Structure formats: structure tokens, C-alpha cells
Amino acid sequence: MPEIKVTPLGAGQDVGRSCILVSIAGKNVMLDCGMHMGYNDDRRFPDFSYITQNGRLTDFLDCVIISHFHLDHCGALPYFSEMVGYDGPIYMTHPTKAICPILLEDYRKITVDKKGETNFFTSQMIKDCMKKVVAVHLHQTVQVDEELEIKAYYAGHVLGAAMFQIKVGCESVVYTGDYNMTPDRHLGAAWIDKCRPDLLISESTYATTIRDSKRCRERDFLKKVHETVERGGKVLIPVFALGRAQELCILLETFWERMNLKAPIYFSTGLTEKANHYYKLFITWTNQKIRKTFVQRNMFEFKHIKAFDRAFADNPGPMVVFATPGMLHAGQSLQIFRKWAGNEKNMVIMPGYCVQGTVGHKILSGQRKLEMEGRQILEVKMQVEYMSFSAHADAKGIMQLIRQAEPRNVLLVHGEAKKMEFLKQKIEQEFHVNCYMPANGETTTILTNPCIPVDISLGLLKRETAIGPLPDAKKPKLMHGTLLMKDNSFRLVCPEQALKELGLAEHQLRFTCRVHIQDPRKEHETVLRVYNHLKGVLKDYSVQHLPDGSITVESILIQATAHSEDQGTKVLLVSWTYQDEELGSYLTSLLKKGLPQST
Amino acid sequence: YRDLHTFELQAPTRLIEWARGNRVCVAGYGQSDGNEILQLIPPPTLQTKETQGLCPERDFKVECGGFSKRPVYSLKYVPDTSLLVTSGPPDSSLQVWQVSAEDSDVIKSVSTIATENGTGQSWAKIATISARAPWVLHGSRLDRVHITEVESRKNVYTAASRGSEELSGLAFLDCNTLLLCCTTGQLCLADVRQPQSPVEAVSVPSAPCSERWCMSTRYGAQGLEPSSQPVARLSSRGLLTLTDLRKTSESLASAKARVPSPGSGAEFLCISWAPALEGCLAVSGFDGTVHVYDTQRWDSSGREAEPIFIHKGHAFGGSGDPPLVTVHTWHLQKPRTLLSAASDGSLHVWDWVQPCGKC
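Residues numbered from 1 in each chain as written. Chains lettered and ligands numbered in written order. Predicted model: local features only at pLDDT ≥ 70, side-chain atom pairs only at ≥ 80, totals over all residues. Heavy atoms only, no water.

1. Overview of the overall build of chain A
Moving on, step 1. Broken down by element type, chain A carries 17 helices and 31 strands.
Moving on, step 2. The 599 residues of chain A split such that 51% are buried.
Moving on, step 3. For chain A, the share of sequence-separated contacts (at least 6 apart) that also reach a separation of at least 24 residues comes to 70%.
Moving on, step 4. When the accessible surface of chain A is split by element, carbon and sulfur atoms take 52% of a total near 28,400 Å². (Helix = DSSP H or I, 4+ residues; strand = E, 2+ residues; numbered from the N terminus. Buried < 20%, exposed > 50% of the residue type's maximum accessible area, 1.4 Å probe, protein only. Contact = heavy atoms within 4.5 Å. Areas by Shrake-Rupley, 256 points an atom, 1.4 Å probe, with all protein chains shown as cover.)

Laid out in C-alpha cells, this is it:
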């Protein structure tokens, strides 16, 4: 039986790095190549030795696909392609290709410059790696080679995130990456057509979560910002250039407008231009509303949000500042943080996950005395808040996606085995498909039932459709033909054609049955009786009395002779071909019942 | 409000039960057979005394779940065991489940407690206790009240009663005394040690008409003489009465809740005492709101009482018909926090501020 093999090298049953190996119809594809943010040593990279102990990865893998720019999905890519060694194609969407290198470089800087690690990729490696990238558009079928094709679908979650369909012949796998089934202010919801893949690989990090409504989170966020600003404090929101920052900007802008607030909101210089540039470039990736309004005015040109200048940080009075980088590890956001940390009226709101070792991580863990460069101690008196607006699918979202795609099997990654049993049962019960949850390094084999396409001869098609009821678009129609497997091709033809092509002669099978009838009259009178009887019963059939004394019913022949020993018994010989089996049997049993008295 | 969190369940629930370790349980009551029983871990914001605004963990987590073939109308945990009991249409039998959250996240169906099913039997109301052994008190009608030992499924007690009124609720006042409430509003007491003596009706509402009643006893008031706590009853027309079980000849106090025109059905009538606030109770089931009343302001006149707080959150759901609040419950420790669920699948957790005046 043909099969699809899936081995998670990371994100089997842990949240951290995603890297999944898929073998489908002889092709090997690597899905994502993520870094585990919690480890400082080689454990942060997926175990590539699993793929092949010796031998080059380029020969073994047909392609690598990256779903989106989050480091736990692409962080190990330069390490993989330049340090371990891979020269084949790497596929990702255009926004991902544009943004990935920025994040990778940023991360490299923290790890090498700040933490002084040595076994890490260099800036040049990042550049070399990106040269191997082939960017794809949504819903564009890309031929990786003659047999393997891939297609990207919108996944929501972050700018450029995509779900990928990998197809070889008629076997296919869909990998979701991280996705979100509910739209937010700047991104739409994930969508896929009823592609009916053999396997759907879905993340399940938030499957066991029932999320607080977005309105409540936003309301609390705005409340905190408002309270701080009202008492004259300053709010620092460290962000990465693209992602939640845009979402929060739109949120604050609307709130400021509604509440008629006067405190200034600033956005780091460079950030605005870059963000605007990317959003304009990738406008088709944002949600409907943004696209509609973008024509009239640039949604990312805000009325209340202005470009920031370093000097503003010293201005008195309340303000809100969005500054990069997001984990407070360097640059402008750290500078501003140092200036404002000492005042308890101020607040810093961390928007998401912070890598260990960064200032962001430290203050979120509760540290309030930080050692800065030059042995300086910084006392943090400002309020530290954390909020997470990350967009992942919950159990309801996962069910929705499965309903949309209609896969034959489901495989869950990114969750803990014990906690996924319930979801597994839920999926199995509702959709009657198998649900798998492999651990890292564990290979799951999924049996598929591929369809084999066969050419059908026009003549056969025409002939078969003429028989029986009219073809119905919704119901399968049964046809009879002969399957010829010749010269590496499959063809369905009518039997006569097959015989001709194969040079075989057709054999005719003929059955003869004897029916005894009690009738003392002469043979020809018996024949007449039989003829009249049959004519009366078989009104829809052609019943004929031939001059030679035999009767034909369609192509079935009936002849009467007298029994050799008993003149009172007549023997009817009923003879039919194999094709007339049904009618022949019917006639025989009819005649066996005897003739009616009257004729 | 001091705090308000809204969540959306995949399917609406008509029960919210507290379990050991601050867990909360909800269950679906739809007609199809894929009803889920979910044991949830509330977000840390609900577990600490202070309310944190932007806490990183603000979500409920599904700790474990089970699948029920029938709609789940009532669910009770059996104390000191890892079992829970559910009931629901079409008959009055009970289903017993095992929760073993450490080993797996599936709530497994263990057994069924069958009951004799006469005609017109509705679903059983249940209450549990583990004083002498894990027991479940159940019944859908006054003449079909039993106590069954949960693990062995042995019948331990059958109430001898003359009436066959439908029950709207039952409770253990202590390990020997049962309180039964009929939909006609009648309260009855029974003693487990005296199964032969018939169940006594101790209080009948003064103006019986075709309304339906439900009741609430003080939630697990430890160490206090249980029968000294007043029993509150709510009718489908909004009448509220408090009765002292030691002196049942007259009601302690009564009032009328401000409700929209009756006729919205009595399916989800719910009344409950606050475990940590003296004299406060909450009422819901008439529309998309939950009312909180201070019974210490009531007298025996029965006139309309002003609620000290109204939670309207559910009414601002999505489009379509406004939802009906199906159930509400108080937080066991945080005095002014409640959880409420509505027919549109919403689940709210809210903490109200006492308007002007005492704590």
C-alpha cells in the first residue's frame, strides 16, 4: 500500500521549534526549520542527523518549505543550509522572504554579540541562505520538479504566513504552520479549499485553550495605557517592526480618536517607513477592510501617531512610544527604557515572548534590579505589564479548518500527548478520520489510497452512457469495460477493441437446456401452444415462430422434439448464448411451470 | 464592574460546577449525541485574590473532556472520589464518569445507574455527598427519590412519599437530612435514617398557581447548623421567598424580582446564595441578565426588590435573538465574582463593585 511518512524533528510533542520531515511518493520535503528559543546549546536546533547519517542533504531532500517568519519556524534555516549543508530550493511567500533575514540578523546579533556564542551562523550565511529562496504567491501552483508541486494558502497569524499543500500525483499533504481562523484588525482569517488531502498536519498549541475575548484584552490594554497617560506617565511598548505593532497602532488610533485624547503617540523612525513599505508591498496579504480603505488613505498613516525623535524621550508629560526592538535587548527601545525605568508613573508593556538573556525576559520574570553595561545597576520602578495578542487557532478553529479541507487523516503537532487525547477523540468522532500525534523523532506512517487515472475510449464512454438511466452529476455510474495495461499506460476499452488489440479470438458460450412438457399432441401443435403462451406472457419481447418449426425469443432458440421413449412427453430444447443468460434462465423456469390448459 | 472576562464555549452549557483544585466543569446540552463534558482550569486571574489586569494567562484551559451521547442537564462531582455523575433526557437514569486528569485528558464513562422509567419521566435532579460513602441522591419526581451508592450502584434509600410532583431540585442538608423542592414550590424534608416515614411537605408557597419554582440552599456552609440557613426559592413569575426550615409556618422574607413579562419559560431558572457574602443571592434565567440581591433589605411584604447589581453582558452578544442566561454560579472564595453562561455559548466571569455603601 502506498504510504506517507511523517517525522517531526521538532514540534512533535513540544512547543519550541517546528521542523517536520515528510516523505510522499518518493519525494522528501522538510517543513519549517525552526529554532528552539529556550535552549542555549545545540538542543535549540532540530536533529538533522536523523534525515541522513551520511550523504548530502541536498540529494536527499527535494525542497524545504518555510511557513512564516517567526523564529521558531525559520530560526535554524541558515544553520541548516550553510553549516549543515543544503543547496536545494527553499520555498516561502514573498513577505516571509522579505522579513525573515531581518529577524534572523536581529537574532544573530543578540546571540553572538550580546551572549558571545560562537557556534552560530554569520551575517554572510544569512545572505547566502536567502539566495536559495524561491518566493511563491498565494494559490499559485509551483512545480518543484516533474512530479512534485506545492501551493500556498493564506494562514492569517502574521504577515506572509501560509499553509502549504504538497502534491505528488494524486497524493497530497497540507501543512498548516501557525494559523488563525478569526480575522483581526489587520489580517484576515486562514482559508483553504476542499482539497481533500490525504493528510492534514495542524498545529495544536492552543487546542486546549478557551480564549478570553479579544475585546476584553483590548479593553484592558487600553485601560492600562489610559490610566498611565492620565496620571502623567509614559508608556513604552517595545515591538518588532511588523506584526502586532500594526494591530496595536490601529487600536490606539481608534481609541484616541474616540476619547479625544491629546497625549502624543510616537512610533520609532525607520519603523514607520519600513512597516509602511512592507504593508504597501504586501497589501493583498492584509484583511479586506484595510485593502478597501488603503485606496482612500493609507491605513498606516495615522493622525495621532507621529514619528519619534530621540530627544522626545526627555520631554515632560505623558506619551506613548512604540520602539524597536521587541525584547528590549538593544537599540532604541532599550535606551528609552533606561530613561524611564526609574519613575513609577511610567509603564512598559511587553507584547510577547522574550528570549532568555534579554532585558525583556528579565523584567518579565520579576527582576527589578538590572545590571547594565559598565556594571551600572538600573532600578526598575516603572510598571511592567505583559500582554499577548498572539493569534493561534483554538479547538474550534482546528475543527473549522478540518471541515474546510476535508482531509482523510489528521496529524497534530505542537502539543503535549496527554493533553491531546481529548482533541484526538473529538476529531476522530466528528470526522471519522484517523488522528495521529507523534513525538519528536517518531515516524508516523499513513496509508493512502491513491486513485490511478485511466484513459477511457470515447466509443466505450458513448456506448455505456447510452445504456440505462441518464447520467446524474451527483451519483456514480457503473460502467463495464476491459482494462488494458500495455506499454506503461492504462486504458479502458470495450471488449471487442481489447480482443482486437491483443489478437485474441472471442469465444461464444452457448447453453442448452431440456424442458420436459406433458403433451400428447403432435410436435408442431406443441410448438404452436408454446408460441402462443410465450407471446402472451412476454409482451415486451420479440417472440417469433419460424417456418422451420422453431421459436425465437429475442436471440434465444426453442425447438420441440418428441421424447424418444414416451410420445406423450415433448422435449423442449432451449438454447441461449452467455449474453442472454438472464432471459434464458427466466424462460426455462417459465416453461418448466408448464403450459396453460386453454391453449 | 471591577473586572469582566468574556469567553466563548464551542457549545452552550446549562451547568457550571466547581471541582477540586478550583476547576470548573461545563457540559453541552444539545440534542445531537456529540455533547462534550469539559473540566476547565480557570485563568490565574481567578485564582489569586487580587485582580490582575494584563495577566499573561487570561484563558481557560481545557484540562480534560468527555463525550456524552445524551444532553447533559445536570452534573455533580462526587466528593472525595474521582467520579462525577450526570443526568439528562430522555429518561431519569444517571451516568457515572471517571476523571483522571494526571493520566489522560479524557473523562471516561464508567457505568450507568438505571432507574425505573415510568411514563412522562423527565430527567433526574442530583446531589452528591460522601459522608458515609459516596452517595448520589437523585430523582425526577417526588415518588421516585433514591439514594444510590455510586461505586456499587446499590440502592441505599428510597423516599416514601405520597405525591408524585415533579422535582426541581434536591439537596443534602447534612448526611442524614434531605431537602426536596418540587416545581410547584413545595419543600419537603426527609430523614435518611427513617426511610419508612413519609416525606413531609414543610412549606407550600402561599399563592400557588401554574408557575414553576426552584430553590437554593447555602452553599457548603461548613460548621453551621444546616437547617439554620434559610432556603431561597424562585418562581417563574419572579417571586422570591426565604424560608427558615426550623420555622416553616411562615416565610422569613419575600420579594419580587424585576423580570420581563413571564412566559420566557422556566427552563433555566437559577437562584444561588453567595458563599462569601452575607445575605446576597443571585437570580437568572428570565433573559440575558443576572441579578444580585441583598436579602437583608427584604421584609415580608413581597414587593418588588431592587437588585444591587445587574450583569447585562450576555445581552450584548452577537446578532440575532438575545440569548438567555442558562446558569450562574458564585466563586467560592472571591466574594463578588460570579460566572454565568448563556444559550449562545458565552461564558462570562465578572467581579462587580458594590455601589455606594458597605463593602
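2. Describing the overall build of chain B
Moving on, step 1. Assigned secondary structure in chain B consists of one helix and 28 strands.
Moving on, step 2. Relative to its 359 residues, chain B shows a buried fraction of 58%.
Moving on, step 3. Surface summary for chain B: the accessible area is close to 14,800 Å², and the carbon and sulfur share equals 49%.

3. A closer look at a nonpolar patch on the surface
Residues and elements named next belong to chain A.
Moving on, step 1. On the surface, a cluster of nonpolar side chains totalling about 470 Å² of accessible area is made up of Ile452, Val454, Leu483, Met485 and Phe490.
Moving on, step 2. Tracing the sequence through the fold places Val454 in the loop between strand S23 (444–447) and strand S24 (455–456).
Moving on, step 3. On the basis of relative accessibility, which here comes to 31%, the residue Val454 falls in the partly exposed class. (Patch = residues over 30% accessible without salt bridge, like charges linked within 9 Å, V, L, I, M, F, W, Y side chains within 5 Å. Salt bridge = Lys/Arg side-chain N within 4 Å of Asp/Glu carboxyl O.)

4. Regarding the side chain of Asn346 of chain A
All names here are of chain A.
Moving on, step 1. Mapped onto the elements, Asn346 comes out in the loop between helix H10 (331–340) and strand S17 (347–350).
Moving on, step 2. Polar side-chain contacts of Asn346 include one of 2.7 Å to the backbone nitrogen of Lys234.
Moving on, step 3. Setting aside residues up to four positions removed in sequence, Asn346 forms contacts with Thr228, Gly233, Lys234, Trp340, Met382 and Gln383. (Polar contact = N/O pair within 3.5 Å; in protein donor to acceptor, adjacent residues only side chain to side chain.)

5. Description of the nonpolar core
Where a protein is soluble and globular, its nonpolar side chains tend to be buried together.
All names here are of chain A.
Moving on, step 1. Residues Met30, Phe80, Ile201 and Ile427 are the most contacted members of the largest nonpolar core, which totals 95 residues.
Moving on, step 2. Both domains that meet at this core, namely domain 1 (3–210 + 391–445) and domain 2 (214–386), each give it at least three residues.
Moving on, step 3. Beyond its immediate stretch of four places on either side in the chain, Ile201 contacts Val6, Ile20, Val22, Leu31, Val173, Val174, Tyr175, Thr176, Leu411 and Val413. (Core = buried A, V, L, I, M, F, W, Y, C linked by side-chain atoms within 4.5 Å. Domains from an automatic or database assignment.)

6. A word on the sheet that holds strand S21 (residues 253–256) of chain B
Residue and element names in this part refer to chain B.
Moving on, step 1. Strands sit in the order S18-S19-S20-S21 across an open sheet of four strands; the sheet is antiparallel. Only two strands of the sheet have a single neighbouring strand rather than two, namely strand S18 (213–216) and S21. Ignoring which end each strand starts from, the neighbouring axes of this sheet average 20° apart. (Pairing = 2+ DSSP bridges. Axes fitted to C-alpha atoms, helices over the stretch in contact; angles between N-to-C directions.)

7. Remarks on the sheet that holds S24 of chain A
Residues and elements named next belong to chain A.
Moving on, step 1. Taken together, three strands build an open sheet; the order of strands is S24-S26-S25 and the sheet is mixed. The open sheet has two free edges, formed respectively by S24 and strand S25 (482–486), since each of these has just one partner strand.
Moving on, step 2. As defined by bridge partners, S24 adjoins strand S26 (residues 489–493) across two bridges and the pair is classed as parallel. Note on S26: the bridge partner recorded for Asp455 is Arg491.
Moving on, step 3. Together, S25 and S26 form the strand contacts of helix H15 (residues 495–502), whose direction differs from that of S25 by roughly 30°.

8. Section: the interface of chain A and chain B
Moving on, step 1. Residue-level contacts link 28 residues of chain A with 30 residues of chain B.
Moving on, step 2. For the pairing of chain A and chain B, the buried interface totals around 2,600 Å² over both sides, and the portion due to carbon and sulfur atoms is 52%.
Moving on, step 3. Our count for the contact surface shared by chain A and chain B stands at four salt bridges.
Moving on, step 4. Residue Arg217 of chain A is joined to Asp59 of chain B by a salt bridge in which the shortest nitrogen-to-oxygen separation is 2.5 Å.
Moving on, step 5. Put simply, chain A and chain B have nine residue pairs in polar contact (both at pLDDT 80 or more) between them.
Moving on, step 6. Elements supplying a minimum of two residues to the side of chain A that touches chain B: strand S12 (209–210), helix H6 (214–230), strand S20 (383–386), helix H12 (395–405) and helix H13 (417–431) of chain A.
Moving on, step 7. For the side of chain A that touches chain B, the class distribution of residues is nine nonpolar, five polar and 14 charged. (Buried area = accessible area lost by both parts, 1.4 Å probe. Nonpolar A, V, L, I, M, F, W, Y, C, P; charged D, E, K, R; others polar.)

9. Concerning the pattern of salt bridges
Moving on, step 1. Under the counting rule described, the total for this entry stands at 29 salt bridges over all chains.
Moving on, step 2. Of the charged contacts, one joins Glu147 of chain A and Lys27 of chain A as a salt bridge, the two residues approaching to 3.2 Å between their closest N and O atoms. Of this pair, Glu147 of chain A sits in the loop between strand S7 (141–143) and strand S8 (148–154) while Lys27 of chain A sits in strand S3 (residues 27–31); the two residues are 120 residues apart in sequence, bridging distant segments of the chain.
Moving on, step 3. You can call Glu147 of chain A partly exposed: its relative accessible area is 48%.
Moving on, step 4. For Asp294 of chain B, the salt bridge is made with Arg297 of chain B, and the minimal N-O distance between the two is 3.7 Å.
Moving on, step 5. One continuous salt-bridge network, built from bridges that share partners, spans Lys27, Asp145 and Glu147 of chain A.

10. Considerations on the confidence of the model for chain B
All names here are of chain B.
Moving on, step 1. Averaged over every residue, the pLDDT of chain B is 81; residues scoring 70 or more account for 85%.
Moving on, step 2. Here residues 49–54 scores under 50 on pLDDT; set against residues more than four positions off or in separate chains, the count is 19 contacts.
Moving on, step 3. We note a pTM of 0.77 for the whole complex and an ipTM of 0.80 for its interfaces. (pLDDT = per-residue confidence, 0-100.)

11. Topic: the environment of Ala76 of chain A
Residue and element names in this part refer to chain A.
Moving on, step 1. Tracing the backbone through its elements, the reader meets Ala76 in the loop between helix H2 (71–74) and helix H3 (77–85).
Moving on, step 2. A relative accessible area of 0% places Ala76 in the buried class.
Moving on, step 3. Taking C-alpha positions, Ala76 is 62 Å from Gly503, a pair spaced 427 residues apart along the chain.
Moving on, step 4. When neighbours within four sequence positions are excluded, Ala76 is seen to be in contact with Cys33, Gly34, Met35, Phe45 and Pro46.

12. Digging into the packing of H3 of chain A against helix H5 (residues 123–131) of chain A
Residues and elements named next belong to chain A.
Moving on, step 1. Relative to each other, H3 and H5 sit at 90°, their axes nearing to 9 Å. Comparing their axes, H5 and H3 come out roughly perpendicular. Residue-level inspection shows Leu77, Pro78, Ser81, Glu82 and Met83 of H3 in contact with H5, the latter providing Met125, Ile126, Asp128 and Cys129.
Moving on, step 2. Grouping the constituent residues of the contact of H3 with H5 by class yields six nonpolar, one polar and two charged. (Parallel < 35°, antiparallel > 145°, perpendicular 65-115°, else oblique.)

13. Focus on unusual backbone geometry
Moving on, step 1. For the bond running from Pro89 of chain B to Pro90 of chain B, omega is 15°, close enough to zero to count as cis.
Moving on, step 2. Along the chain, the position of Pro90 of chain B falls in the loop between strand S7 (83–87) and strand S8 (94–98).
Moving on, step 3. Phi is positive for Arg196 of chain A, close to 50°, though the residue is something other than glycine.
Moving on, step 4. With respect to the element layout, Arg196 of chain A can be found in the loop between strand S10 (171–175) and strand S11 (199–203).
Moving on, step 5. Overall, Arg196 of chain A belongs to the partly exposed group, its relative accessible area being 44%.

14. Looking at the packing of aromatic side chains
Moving on, step 1. In this structure the tally under the stated criterion is 19 aromatic pairs over all chains.
Moving on, step 2. Cluster of aromatic residues (ring-pair linked, three or more members): Phe48, Tyr79, Phe80 and Tyr86 of chain A.
Moving on, step 3. The aromatic ring of Trp123 of chain B is capped on one face by Lys125 of chain B, whose charged end is 4.0 Å from the ring centroid.
Moving on, step 4. Positioned over the ring face of Trp352 of chain B is Arg336 of chain B, at 5.7 Å from the centre of the ring. (Phe/Tyr/Trp six-rings, centres within 6.5 Å; stacked < 30°, edge-to-face > 60°. Lys NZ or Arg CZ within 6 Å of the ring centre and 35° of its normal.)

15. Things to note about the state of the cysteines
Moving on, step 1. Overall, the coordinates contain zero disulfides over all chains when judged by the stated rule.
Moving on, step 2. For the unlinked cysteine Cys270 of chain B, the closest cysteine sulfur is that of Cys214 of chain B, found at 6.7 Å. (Disulfide = S-S within 2.5 Å.)

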